[in-house]
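# Coordinate inspection notes
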Amino acid sequence: MLQNQKVVIIGGSSGIGLETAKQVIALGADVIIASRSEDKLQKAKVELGSRAAAYTLDTTQEQQVQSFFETVGQFDHLVVSAAETSGGSFLQTDTVQARKLFENKFWGQYYAAKYGAPKISSNGSITLFSGVVAYKAMIGSATLGAVNAAVANLGQTLALELAPIRVNIISPGIIDTPSRSKMTEEARNDFYATVANKLPVKRVGTAEDVAQSVLYLIQNGFVTGTVLHVEGGHILT
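Being a predicted model, the structure only gives us computed values, none of them experimental.

## Some points on the nonpolar core
Ranked by internal contacts, the top residues of the largest apolar core, which has 32 residues, are Val8, Ile10, Phe68, Phe69, Phe75, Leu78 and Ile126. Of all the secondary-structure elements, those providing two or more residues to this core are β1 (6–10), β2 (30–35), α3 (62–72), β4 (75–80), α4 (95–116), β5 (120–129) and α5 (142–161). When residues no more than four places from it in sequence are discounted, the contact partners of Phe68 are Val8, Ile10, Ile32, Ala34, Tyr55 and Leu57. Counting residues in hydrophobic clusters, the runner-up holds 28 residues, among them Leu27, Ile170, Ile175 and Leu215.

Set out below in structure tokens:
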């Protein structure tokens, strides 16, 4: 149980982060959610209730991240699920777009860990997010795979440097979240069906699947430096 503990979830206004916030509150914790979208934050705040506080935050801005944690003060667990992702042909992808991906997913988590760690209790934890393309090469995912691999290595190294704070990494596969809302419903359903057919579990993942994994890493005090694969067997195919 997480009774009377405080959990900070960056990216907690939608998808995996929001579902994690719901499950954490159900276990008795107070939650602080942060993301760029004020509109999403306010909707999430209403949904989560009085045990949640919400802050707007752009994790690509180092000073904003530092100020955010100064405002938050001491807490117990940090989850960083916020990240924009993109893909495309290596030779045709603009370098600016590739750098933006690193800014969003790698440096955003780097800043969060750097400025969040001094505020975390000694028996607390940090959970970062990598992804399946760090472990299974896929055409069109050269930059994202490199970013995910960098996040995983960062997390495992921090498990040593920040000890006794535990640091773990979630590596999700294809998850049905609002991040693919720009696709048409038909295209999205076709994509999910194609992926599901190739997976041993015969379905894509849900936000609930990943949130349960985050809770495991938060609550198990004997797990650190672990990359937890939540991808339905994707790397086996």
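That shown, we press on.
## A closer look at the pairing of strand β3 (residues 52–56)
In this sheet, β3 lies alongside β2 in parallel orientation, the contact comprising five bridges. The residue bridging Ile32 from the neighbouring strand is Ala53, located in β3. Taking the sense of rotation as the criterion, the β-α-β connection linking β2, helix α2 (residues 38–48) and β3 turns out right-handed.

## Looking at the pairing of β1
Consecutive side chains along a regular strand alternate between the two faces of the sheet. The buried count for β1 comes to four of five residues, which makes it a mostly enclosed element. Note: β1 against β2, five bridges, orientation parallel. The partner of Val8 across the bridge, within β2, is Ile32. Handedness of the β1-helix α1 (residues 15–26)-β2 crossover: right-handed.

## What about the sheet that holds β4?
Taken together, the seven strands give an open sheet; going across it, the order is β3-β2-β1-β4-β5-β6-β9, and neighbouring strands pair in parallel fashion. Two strands close off the open sheet at either side, each with one partner strand: β3 and β9 (227–230). Put simply, the sheet's adjacent strands are angled 20 degrees from each other on average, direction ignored.

## Describing the environment of Ile33
Along the polypeptide, Ile33 turns up in strand β2. Here Ile33 falls in the buried class, since its relative accessible area comes to 0%. Ile33 sits 20 residues away from Ser13 along the chain, and the two C-alpha atoms are 6.6 Å apart. Among all residues touching Ile33, those that are not within four sequence positions of it are Ile9, Gly12, Ala21, Leu41, Ala44, Lys45, Leu48, Ala53, Ala54 and Tyr55.

## Let's talk about the packing of aromatic side chains
Summed over the entire model, instances satisfying the criterion amount to nine aromatic pairs. An angle of 40 degrees between the planes, with centres 6.0 Å apart, marks the rings of Phe106 and Tyr110 as tilted. Here Phe106 and its partner Tyr110 are both found in helix α4, four residues apart, which amounts to about one turn of the helix. Owing to a relative accessible area of 12%, Phe106 belongs among the buried residues under this scheme. With relative accessibility at 30%, the residue Tyr110 sits in the partly exposed group. Through pairs of rings, three or more aromatic residues link up here, namely Tyr55, Phe68, Phe69 and Phe75.

## Quick word on α5
Given a rise of 1.5 Å per residue, 20 residues ought to cover 28 Å, and the 29 Å separating the end C-alpha atoms of α5 matches this to within 8%. For α5, the complete set of buried residues consists of Leu144, Gly145, Val147, Asn148, Val151, Ala152, Leu154, Gly155, Leu158 and Ala159. Where α5 is buried, its residues contact α4, β5, β6 (166–172) and β9.

## Thoughts on unusual backbone geometry
Here Ala163 and Pro164 are connected by a cis peptide whose omega angle stands at 15 degrees. Inspection of the secondary structure assignment puts Pro164 in the loop between α5 and β6. A positive phi angle, near 65 degrees, is found at Asn4, a position not held by glycine. Accessibility expressed as a relative area gives 66% for Asn4, which makes it exposed. Not every positive phi belongs to a glycine, and Lys202 is a case in point at roughly 60 degrees.

## Focus on the packing of α1 against helix α7 (residues 207–219)
Two elements in contact, α1 and α7, have axes whose closest approach is 8 Å; the angle formed by their N-to-C orientations is 55 degrees. Taken together, α1 and α7 sit at an angle that is classed as oblique. As for how α1 packs across α7, the hand of that crossing is right-handed. In this structure, α1 contributes Gly15, Ile16, Glu19, Thr20, Gln23 and Val24 to the contact, and α7 contributes Ala207, Glu208, Val210, Ala211, Gln212, Val214 and Leu215. Classifying every residue of the contact of α1 with α7 gives seven nonpolar, four polar and two charged.

Definitions and limits used
Residues numbered from 1 in each chain as written. Predicted model: local features only at pLDDT ≥ 70, side-chain atom pairs only at ≥ 80, totals over all residues. Heavy atoms only, no water. Core = buried A, V, L, I, M, F, W, Y, C linked by side-chain atoms within 4.5 Å. Buried < 20%, exposed > 50% of the residue type's maximum accessible area, 1.4 Å probe, protein only. Helix = DSSP H or I, 4+ residues; strand = E, 2+ residues; numbered from the N terminus. Contact = heavy atoms within 4.5 Å. Pairing = 2+ DSSP bridges. Right-handed = clockwise from strand over helix to strand, strands pointing away. Axes fitted to C-alpha atoms, helices over the stretch in contact; angles between N-to-C directions. Phe/Tyr/Trp six-rings, centres within 6.5 Å; stacked < 30°, edge-to-face > 60°. Expected span 1.5 Å × (residues − 1). Parallel < 35°, antiparallel > 145°, perpendicular 65-115°, else oblique. Left-handed = near helix turned anticlockwise from the far one by under 90°. Nonpolar A, V, L, I, M, F, W, Y, C, P; charged D, E, K, R; others polar.

Read these as geometric descriptors, not functional statements.
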